[in-house]
Every structure is written in C-alpha cells, then in structure tokens.
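# Remarks on the overall topology
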Amino acid sequence: MTPKDFLLECHTPDVALRLDRPAFEVSAQIRFLTSILAVAIRHDSADVRPGRGIVKDLINNGLSRDAADFMVEQLKDGSNVFDTEQPFMQRPPLPREEKKIGDRYSTTKPDAVKKLSPAMPPSQSEDFWNRRVAYPTTLALPEALLKLTTYHYFSPASNLSVTIDFRTSPTSQPISYVEKPRSATPGFRFPGRSLTATEFYWRYPNGSFLKTLLSSLPARWVNEGGLPAFADRTCEKSRASNGDFCSLWSATWSSNTAIGYWKGTDLVQVRVCGVPEEWLPFPLKKIEKNKRGKKILEFIDTPLIEWRNHRNTQDPFYFYLADSKGVLKAQRLDIGRDPTDLSVEWYSLNKSEKLLDRSAGNLFPPRFENVDFPEPVFLRHLVEGTSPSPVVRASEIFQPRRDQWGFDLPEDEQDAIVAMAVVVTDLHRYVTAAFPRGEAKTQGGKSRTQRARPLLAGRYNDVSSEFWRRISAVYEGFIQSLRAHESYPGDLLTDLRAASLETFDEITEPYLATDAQQIYELRADLQRDINRRLKDAKKDGKVAFSQDGEQ
C-alpha cells in the first residue's frame, strides 16, 4: 500500500500500521505520514483550528482524493527514488573521479545496506553483530524505502562518512572535506549511555488511525505552509514572509542521508553520510587543517547543534518538561525499570495532565470536548555507546497496562491515582533511606542513614526492587478498584504498611544474627515514619483508604 492509499483509507477501523517492527521504524513511518498529511489538508484549508471544521470532516469521511492528488503534486520533487537530482530520502551519487576543475568527486567506497540501521554497531563490533543478527544483503524496493526513510528520521551521529575532493587549479593538490552523519535527525536523541529515548503518540481504542495521525500533527504545520524537507532540500519553498523556516520544514529536516546503489529496483549497497553543504539550514564555517600533507576542511557544527536543540523541544513526538533549573528535558520511560516504579513516578509528578497539554495544539487534541479518551503509546529506544557514536540496543513499543495506568479514566479518578502515587513515592523513600547508595560514613549519630551498618550500604538497588515487587499488587488493586467503581478489596492502609515493612524485613533478615539491635531500631524508626505518612494521607482525604469507601 502506498502512503497515498494509506492516507485515503486510514479513517476506516481496519487500516493501521503494523507494530511488529522496531519502534524506530514505526516512529519513522508515523513522522513521515503526519508530514505529508499536513500538505494534503492544505488543499481544503490553509487555516485549520484544532478539532474544528475540516478536522471533524476528515475524521468522519477521510481524506478526499483531490486532496491526496494535491499532496502528490506538491511533493513530486522529492518523491522519485530513482531521480538523478533529488532521489527520495537520498543524495545523488557523486562522480568517482574528477571531471573538471572545481567539480566535486569522491572515491569513498559504498557499504552494506545494514549500515542504514540505527541498531548497527560500529565496524569493530561487526563480529558480535553477525553472531547475533542476520541482516539481508539486498533490499527489495518496499523494504528499501522503509530503511531509507528510517535513516532520514532516526539515525545517529557516526564516524562513517563520505570524503569530498575538489581542486581550485590544475596544478593544486585536491582539497577535501568530510561529510559525516551528525546528531541532528528529527527522531534520534542521545539521552545518555544505557538510558532510553522515549517518543509517544496517541492511540484511540475505538477510533481510527487517522485520529492518531491528527493527534500528533501540530496545526502550525498546516497553517504556516512549507513542505517536508525531503521534498524541499534547500528550503526554497518553505520560508515564512520574514525569512524564518516553516515549522514543518524544520521538524522534518535531517542532518543525515545516504547514497543508494541500486540494481534494478533492489538496493544493493549504500554510503551513509551527512547531507550536502547546500542542504544545511544555514552555512557553516569551515576551518582548514593539514593532515598527512593533505588539506582538509572541517565544519564547525556548534550553530547547527544550537538550532537543533531548539528544534527538538518543539517535536510533537517527544515530551519535554522543565527541570529544577528551567531547562527543558525530554522525559523518559527507561527500559529495564520496574513497570510499577515507572507508573508511580509518572503519576507522582502529574505528568498525564502535562502530556495532554503537550498535544493541545495538534489538529485533534486528546480528550477534545471529552468525547474520546485516548491512551499514549510509547516508543522506547535504549541507547548505548557515546554521544559521537551511539547505537540503539533495543527499540520497543510500550503500551501501558490498564491495571498500572489510568489514561482512559476520568479526571477525578486520575487525581486519585496521583495522590496514591505521591504516598507510594514517600513510602519508597522511607524504606530505602536505611540503605545508603554508597558506604556508610559513620556508625554514630541520630539519623537512620548514619546508624546504618556498612553491610547495609550498597543494598539500595535490592531494597528498591523488593519494594516495587511487593507494592505492585496494592497499587494495581487500587487502580482496578477505581476502574470498577468499587472500594479497594481490603484495608489499603494495612496493605501499604505491610508491603513497606515486609520489604525491610526481607532485606535485613540475613543480618539479624549479628546486628539485631540496630536493625530493630531502624525498623522502629521506619514504622513511625510510615504510620505518620499514612495518617497524613488519610486526613488529606484524596485517597479512599477504608473498605467501605469512606475517606
């Protein structure tokens, strides 16, 4: 099915994307579809209000064929994969030898098509890669288009490159500059080593995939004009009257591309690299260096990185919040963390409401007029390596479980989950405080941490994992009772207290024979803190603790 056909039919319940692929490929497809849908919508209206007029008509009747034809015409310059000047999601091959003075040429050899994958490790790790994963050596056209699109939207910086040579005179030595893949593609983020870059989109359990696309499509992408960057490489058609880049072009501009080598309609080799100099948003300064007797021009990327950082905060597929210093940070749901821990942290910081606010300016805002209650789907990418050369080690679709999350619940019930999550967060803090992350500095003093024996230091991860294991049944039972409009099946205060104290007992039991007195003192302090916190929570009245539902 072509992208045009997909957009014409995705208002029906049976048409949606396959999710049995790496999350970065799902992300690339959704990003591509939203960008071209923005162009199609302009056929009927260039001034769209979220949730109004044409948006309702689209949801009910789908995209018109005239609008789809208009979209194809607008995007024709960058849509032919075999075009010699602007091939789809590629740069044209460079001559392999000099033709005339001043012309650029490159003798860089092509690589295997597996280099298009953001999960491809560096060349020195290929032995490990080959033992673990089989990757095709040739890609048929449909799969090649997907891989090229994924590379455009979701590729990291790397040391792979294409070296461009040229002469300024017949007698001069060639001057070279290197175009490396940079860290400025629309979807890829480096959150830090062993951390998880987390995207999201909205899923409507009883709605169409068109609603999903419209919920991720900012109205400004339609109203400001312009084209996706793959169809307007030099931004000739995508500037506002004041000269600024249109937001659709900025959001889809990628620092990386590939040179494709085709045999008929099969992609047989590629050379991944940075985009040509003329495709950059603005000129970058170059400095001249001498390396082994050869003149090399190197780009100064700092202005581009600053532009990228601002561009990234506007990304409708990432969730940014300001930290304590006011700096916007992309929020994460890290792969490997306990799922109850993730949910409790999310609700304790009231992120659900803020996530809805993040999408409020899109064409179909989530919970618009409280008619639909969508649920977010998270695309999680575990990143390893270093910032100059990262690699995706895992990429998965995470659909929150309804017994641990309450995105589909009314606002008052979500408020109850927030209150419960704050209580659980405090209990976790009290329990883990007796187990310092590092070595205990002293065995005297008044605080539990100071009195903790050195043998308890370093057990923080153990006690934290045990806490989440024991508290999860209580937390899930609370959410299930809200969903069923019933009271909690038991005594919530007792269950919260028991889960917390049993966690402490489980970890400290092996040390009772030698450290019983101090462990009992720590437990008594912990129990007082827990009782005081639960008493305050019951008095606050935001959580129904009693079995009959009284607060």
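Residues numbered from 1 in each chain as written. Predicted model: local features only at pLDDT ≥ 70, side-chain atom pairs only at ≥ 80, totals over all residues. Heavy atoms only, no water.

With that settled, the discussion passes to the environment of threonine 340. Along the chain, threonine 340 turns up in helix α11 (residues 339-348). A C-alpha to C-alpha distance of 38 Å links threonine 340 and isoleucine 36, two positions 304 residues apart in sequence. Apart from residues lying up to four places away in sequence, threonine 340 is in contact with Gln404, Trp468, Ile471, Ser472, Tyr475 and Glu476. (Helix = DSSP H or I, 4+ residues; strand = E, 2+ residues; numbered from the N terminus. Contact = heavy atoms within 4.5 Å.)

Per the stated rule, a full pass over the model turns up 25 aromatic pairs. An angle of 70° between the planes, with centres 5.5 Å apart, marks the rings of phenylalanine 154 and phenylalanine 188 as edge-to-face. Of this pair, phenylalanine 154 sits in the loop between α6 (141-153) and β1 (162-166) while phenylalanine 188 sits in the loop between β2 (175-179) and β3 (195-203), and the two are 34 residues apart along the sequence. For the pair formed by phenylalanine 154 and phenylalanine 188, the shared burial category is buried. Here the aromatic cluster, defined as three or more aromatic residues joined through ring pairs, consists of Phe319, Trp346, Tyr347, Phe378, Phe398, Trp405 and Phe407. (Phe/Tyr/Trp six-rings, centres within 6.5 Å; stacked < 30°, edge-to-face > 60°. Buried < 20%, exposed > 50% of the residue type's maximum accessible area, 1.4 Å probe, protein only.)

This part takes up the sheet that holds β2. If you trace the four strands from one edge of the open sheet to the other, you get β1-β2-β7-β6, paired in mixed fashion. Two strands in the sheet have a free side with no partner beyond their single neighbour: β1 and β6 (286-291). On average, adjacent strands in this sheet sit at an angle of 30° to one another, irrespective of strand direction. By the bridge criterion, three bridges tie β2 to strand β7 (residues 294-299) in an arrangement that is parallel. Paired with tyrosine 177 across the strands is leucine 297, a residue of β7. (Pairing = 2+ DSSP bridges. Axes fitted to C-alpha atoms, helices over the stretch in contact; angles between N-to-C directions.)

Glancing now at the packing of helix α13 (residues 411-432) against helix α15 (residues 460-483). The axes of two packed helices give the description: the angle between them and the distance between them. The contact between α13 and α15 brings their axes to 10 Å, and the two run at 160°. As the angle between them shows, α13 and α15 are arranged roughly antiparallel. For the pair α13 and α15, the sense of crossing is right-handed. On α15, the residues that touch Glu413, Ala416, Ile417, Met420, Val424, Leu427, His428, Val431 and Thr432 of α13 are Tyr460, Val463, Ser464, Phe467, Trp468, Ile471, Val474, Tyr475, Phe478, Ile479 and Leu482. Taken together, the residues of the contact of α13 with α15 sort by class into 16 nonpolar, three polar and one charged. (Parallel < 35°, antiparallel > 145°, perpendicular 65-115°, else oblique. Left-handed = near helix turned anticlockwise from the far one by under 90°. Nonpolar A, V, L, I, M, F, W, Y, C, P; charged D, E, K, R; others polar.)

Turning to its location among the elements, arginine 42 is positioned in the loop between α2 (23-41) and α3 (54-61). Nearest to the buried, unbridged arginine 42 among oppositely charged side chains is glutamate 224, at 8.0 Å. Among the polar contacts listed, one links the side chain of arginine 42 to the backbone oxygen of tryptophan 221, at a separation of 2.8 Å. Aside from chain neighbours lying at most four places away, what touches arginine 42 is Phe70, Trp221, Val222, Gly225, Gly226 and Leu248. (Lys, Arg positive; Asp, Glu negative; His and termini not counted. Salt bridge = Lys/Arg side-chain N within 4 Å of Asp/Glu carboxyl O. Polar contact = N/O pair within 3.5 Å; in protein donor to acceptor, adjacent residues only side chain to side chain.)

Below, the discussion takes up the pattern of salt bridges. In this structure the tally under the stated criterion is 39 salt bridges. Across the salt bridge formed by arginine 332 and aspartate 334, the nearest N and O atoms sit 2.9 Å from each other. Exposure remark for aspartate 334: the relative accessible area of 8% places this residue in the buried category. Across the pair aspartate 403 and arginine 401 runs a salt bridge whose closest N-O atoms are separated by 2.6 Å. When salt bridges that share partners are traced, they join Arg203, Glu375, Arg402, Asp408 and Arg483 into one network.

Core analysis: the biggest nonpolar cluster contains 118 residues, and Leu7, Ile41, Leu214 and Leu496 have the highest contact counts within it. With twelve residues, α2 is the largest single contributor of residues to this core. Here leucine 214 is in contact with Leu37, Ile41, Val55, Leu58, Ile59, Asn362, Leu363 and Phe364, once residues within four sequence places are set aside. If you look at the next biggest cluster of nonpolar residues, it comprises 22 residues, including Cys235, Phe245, Leu297 and Leu304. (Core = buried A, V, L, I, M, F, W, Y, C linked by side-chain atoms within 4.5 Å.)

Along the chain, serine 161 turns up in the loop between α6 and β1. Taking relative accessible area as the criterion, serine 161 reaches 10% and is therefore assigned buried. Setting aside residues up to four positions removed in sequence, serine 161 forms contacts with Thr108, Val178, Glu179, Lys180, Pro181, Arg271, Val272 and Cys273.

Across the five residues that make up β1, a large majority, four, are buried. By the bridge criterion, five bridges tie β1 to β2 in an arrangement that is antiparallel. Bridging across to β2, threonine 163 finds its partner in valine 178.

Next up on the list: the confidence of the model for the protein chain. Counting all residues, the mean pLDDT for the protein chain is 89, and 92% of those residues have values of 70 or more. Of all helices and strands in the protein chain, the one with the weakest mean pLDDT is helix α5 (residues 126-132) (49), whereas helix α9 (residues 247-252) scores best (98). Scored below 50 in pLDDT, residues 547-551 shows eleven contacts in the model against residues more than four places distant or in partner chains. (pLDDT = per-residue confidence, 0-100.)

This paragraph deals with a negative patch on the surface. A contiguous patch of negative charge, built from Glu353, Asp357, Glu411, Asp412 and Asp415, is present on the exposed surface. Of all the secondary-structure elements, those providing two or more residues to the negative patch are α12 (351-358) and α13. Element by element, the count of residues in the negative patch is highest for α13, at three residues. Along the chain, aspartate 357 falls in helix α12. (Patch = residues over 30% accessible without salt bridge, like charges linked within 9 Å, V, L, I, M, F, W, Y side chains within 5 Å. Areas by Shrake-Rupley, 256 points an atom, 1.4 Å probe, with all protein chains shown as cover. Charge placed at Lys NZ, Arg CZ, Asp CG, Glu CD.)

Moving on, we come to the sheet that holds β3. Pairing between the strands of a sheet comes from backbone hydrogen bonds, and it takes one of two forms, parallel or antiparallel. Overall, antiparallel pairing links the three strands, which are arranged β3-β10-β11 in an open sheet. The two strands at the open ends of the sheet, each matched to only one other strand, are β3 and β11 (389-398). The sheet shows a mean angle of 20° between the axes of neighbouring strands, direction not considered. Looking at chain direction, strand β10 (residues 375-386) and β11 are connected through nine bridges and run antiparallel. Bridge pairing in β11 links threonine 386 to serine 389.

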